[in-house]
Amino acid sequence: MTLNKLIIPFLALSFVSAPVWALSSDKQKPVEVEADSFHLDDAKKTTTYTGNVIITQGSLEIIADKVTIYSRHGTTNKVIATGQPVKFKQRPDGSQELIRGVSNRFEYHVPKDTLTLTNQATLWQAGTTFSSERIIYNSKRSIVMAGDKTSASKRVKITLEPAKDE
């Protein structure tokens with residue numbers, strides 16, 4: 001395997017540097033990956049990590065059963081993580097509180113800066129809990145959307161914690 005092929009998977013992980021609630025310093029930190037196995041398919045431009053996958057970069061941590069990174073034109077295009085559940089956490093700029101999320105599927109579209117959590121998704125952010133079968137966060141526009149318009153049975157539950165007295 002050439003050095004170039006070894007570098008591709010690590011460059012592919014630069015998706016973590018995208019601004020999904022990140023501390024601005026996170027993108028300057030090294031990406032560390034642990035998994036039971038690794039598979040690079042240069043022809044399909046995919047990198048797959050399976051088995052107890054843990055990805056960290058600065059304050060970001062993703063834990064999944066499987067993470068697949070799709071590249072196009074030499075850059076990461078999409079990242080899909082699956083697990084029972086997938087867990088992530090990250091500290092945003094200017095906050096001491098972590099943003100945390102769980103779902104059975106985590107899909108991040110890099111060009112759109114859009115994170116979609118599906119299948120038993122829950123997101124905790126600054127004292128607010130969002131739960132739904134589908135939660136979408138667009139970091140470019142700072143928009144959170146939840147629910148499924150096609151089914152009344154897939155409702156959104158939001159819990160707002162009262163402000164703490166100091």
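Note that the structure is predicted; figures quoted are calculated from it, not measured.

Undergrad: Can you walk me through a nonpolar patch on the surface in this structure?
TA: Side chains of Val-156, Ile-158 and Leu-160 sit close together on the surface and give an oily, nonpolar patch of about 280 Å² of accessible area. Along the chain, Ile-158 falls in strand 10 (residues 157-160).

Undergrad: Even after reading the chapter, I still don't get the nonpolar core, so can you show me in this structure?
TA: Within soluble globular proteins, side chains that are nonpolar tend to cluster in buried spots. Counting 22 residues, the largest nonpolar core has Ile-62, Val-67, Phe-88, Phe-106, Leu-117 and Leu-123 as its most contacted members. Of all the secondary-structure elements, those providing two or more residues to this core are strand 3 (46-57), strand 4 (60-72), strand 5 (75-90), strand 6 (99-109), strand 7 (114-125) and strand 8 (128-138). Per element, the largest residue contribution to this core is five residues, and it comes from strand 4.

Undergrad: I keep staring at the pattern of salt bridges and nothing clicks. Help me out?
TA: For side chains bearing opposite charge, pairing can occur when the charged atoms are close. Summed over all chains, the structure comprises three salt bridges. Of the charged contacts in the structure, one is a salt bridge between Lys-45 and Asp-42, with a shortest N-O distance of 3.7 Å. Classification of Lys-45 by relative accessible area gives partly exposed; the value is 43%. The salt bridge partner of Glu-107 is Arg-105, with a shortest N-O separation of 2.8 Å.

Undergrad: Looking at this structure, how should I read the confidence of the model for the protein?
TA: Fine structural detail should not be taken from predicted coordinates in areas where pLDDT scores are low. For the protein, per-residue confidence averages 79 on the pLDDT scale, and 75% of positions sit at 70 or higher. Counting contacts from residues 1-21, a segment whose pLDDT is below 50, to residues more than four positions away or on other chains yields 47 contacts.

Undergrad: Just checking my understanding: could you explain the pairing of strand 4 for this structure?
TA: Both faces of the sheet carry side chains from a regular strand, because those side chains alternate between them. Of the pairings in the sheet, the one linking strand 3 to strand 4 comprises ten bridges and is antiparallel in character. Paired with Thr-48 across the strands is Thr-68, a residue of strand 4. Connecting the antiparallel pair strand 3 and strand 4 is a turn made up of two residues, with Gly-58 showing a positive phi of about 60 degrees. Where strand 4 meets strand 5, ten bridges bridge the pair, whose relative direction is antiparallel. Residue Glu-61 lies in a different strand from strand 5, and its bridge partner there is Lys-89. Connecting the antiparallel pair strand 4 and strand 5 is a turn made up of two residues, with His-73 showing a positive phi of about 55 degrees.

Conventions and cut-offs
Residues numbered from 1 in each chain as written. Predicted model: local features only at pLDDT ≥ 70, side-chain atom pairs only at ≥ 80, totals over all residues. Heavy atoms only, no water. Patch = residues over 30% accessible without salt bridge, like charges linked within 9 Å, V, L, I, M, F, W, Y side chains within 5 Å. Areas by Shrake-Rupley, 256 points an atom, 1.4 Å probe, with all protein chains shown as cover. Salt bridge = Lys/Arg side-chain N within 4 Å of Asp/Glu carboxyl O. Helix = DSSP H or I, 4+ residues; strand = E, 2+ residues; numbered from the N terminus. Core = buried A, V, L, I, M, F, W, Y, C linked by side-chain atoms within 4.5 Å. Buried < 20%, exposed > 50% of the residue type's maximum accessible area, 1.4 Å probe, protein only. pLDDT = per-residue confidence, 0-100. Contact = heavy atoms within 4.5 Å. Pairing = 2+ DSSP bridges.

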